[in-house]
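# Structure assessment
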Amino acid sequence: MELGYWGIKGVAEPIRWLAAYLGSDIKEYTPATPEEWFGAKKAQVGGDFPNLPYLADGDYRLTESSAIPVYLILKAGKQELIGADAKEQGRVRQIEGVLSDIRQNCMKILFAPADQLAVAQKTFEPNGQTMQKIEQLSKFLGEKEYFLGHLTYADIIFAYTADISGAIAVSLGLPCPYCGFENLSKLKDRVHGLNGIKQRFESSKDVPFMPPQMVPFPLFTTAQCEAQKPKA
């Protein structure tokens, strides 16, 4: 199989983590320039909705970052990662929706036309919507190791959402929004340490989350965020 995406983490990083965890045989195509993708390669990949990221599995083409993980999970015979039954699948999608709200709020910081710090301060204010949702996630997790008591794709998405939204906050001199929730911090570290994901996480610490030229302030990489942590 081939996964195509830009040379950033972006929306494809959770897919990379999932593929690494599943042991899926995937090679990655990364366009060197936008012209390379929008030229011959996009037409060559084809499919009904050509876009990045895409997954090519033989003659089968699939796009959209929410669809590709489901295909990989079911192809690997690991349905429990999207929920073992209807109730669990509903919970997984519910958590994904909460995480999507958090990511959208954080993306507004990245693309704010001016004073991104002020937008970030409002986004991460203690009683604001974003922090309320993070607190709700913490309460839902409780003392469990994973949101549903066993690993699902929602845990993987959470760990990556915590990485990128935390990087946005720290890049602007604000505290990590998850560090006050011990159980969420442990969940993030637990996902980072999973076989396959650990190798990808460690090897991609210098890969930017977003194209640097698109972000109006220096957005830290994972390595730069880790360098900001107080020395033990």
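Located above this text is the structure these notes cover.
Quick summary incoming for the structure in this document. Note that the structure is a prediction, hence the values are computed from the model and not measured.

With that out of the way, let us pick up the sheet that holds strand S2 (residues 27-29). What the four strands build is an open sheet, ordered S2-S1-S3-S4; its pairing is mixed. Of all the strands in the sheet, just S2 and strand S4 (60-63) have a single pairing partner and so form its edges. Adjacent strand axes in the sheet meet at a mean angle of 20° when their direction is disregarded. Where helix H3 (residues 68-75) meets the sheet, it contacts strand S3 (54-57) and S4, and its direction lies at approximately 30° from that of S3.

It is worth spelling out unusual backbone geometry at this point. Omega for the bond connecting Leu-52 with Pro-53 falls within 30 degrees of zero, at 0°, which places this linkage in the cis form. Within the secondary structure layout, Pro-53 lies in the loop between helix H2 (34-45) and S3. A positive phi angle, near 85°, is found at Glu-64, a position not held by glycine. When you line up the elements, Glu-64 lands in the loop between S4 and H3.

Quantified by volume, the largest pocket comes out at close to 790 Å³. What lines the largest pocket is a set of 31 residues, among which Gly-10, Val-11, Ser-65, Ser-66 and Arg-103 lie closest to the centre. Those elements that provide at least two residues to the lining of the largest pocket are helix H1 (13-22), H3, helix H4 (86-110) and helix H7 (153-171). If you tally residues by element for the lining of the largest pocket, the top one is H4, at 10 residues. Tallied by class, residues from the lining of the largest pocket come to 20 nonpolar, eight polar and three charged. Estimated volume of the second largest pocket: approximately 480 Å³. Lining the second largest pocket we find 22 residues, and of these Cys-176, Cys-179, Lys-188, Cys-225 and Lys-229 sit closest to its centre. Only H7, helix H8 (182-192) and helix H10 (222-228) provide two or more residues apiece to the lining of the second largest pocket. The biggest single contributor to the lining of the second largest pocket is H7, with five residues.

Here we come to the nonpolar core. Residues Leu-137, Phe-158, Leu-184, Val-191 and Leu-219 are the most contacted members of the largest nonpolar core, which totals 60 residues. For this core, the secondary-structure elements that each account for two or more residues are H1, H3, H4, helix H6 (129-141), H7, H8 and helix H9 (197-203). Residue contacts for Val-191: discarding those within four places in its chain leaves Trp-17, Tyr-146, Asp-155, Ile-156, Ala-159 and Ile-197. In terms of nonpolar packing, the next biggest core, distinct from the first, is built from nine residues, Ala-12, Leu-52, Tyr-54 and Ala-56 among them.

Each value, and the rule that gives it
- Residues numbered from 1 in each chain as written.
- Predicted model: local features only at pLDDT ≥ 70, side-chain atom pairs only at ≥ 80, totals over all residues.
- Heavy atoms only, no water.
- Pairing = 2+ DSSP bridges.
- Helix = DSSP H or I, 4+ residues; strand = E, 2+ residues; numbered from the N terminus.
- Axes fitted to C-alpha atoms, helices over the stretch in contact; angles between N-to-C directions.
- Contact = heavy atoms within 4.5 Å.
- 1 Å grid on protein atoms, 1.4 Å probe; cavity = no way out; pocket = protein on both sides within 12 Å on 5 of 7 lines; lining within 4 Å.
- Points joined across faces, edges and corners; volume = space filled by probe spheres on them.
- Nonpolar A, V, L, I, M, F, W, Y, C, P; charged D, E, K, R; others polar.
- Core = buried A, V, L, I, M, F, W, Y, C linked by side-chain atoms within 4.5 Å.
- Buried < 20%, exposed > 50% of the residue type's maximum accessible area, 1.4 Å probe, protein only.

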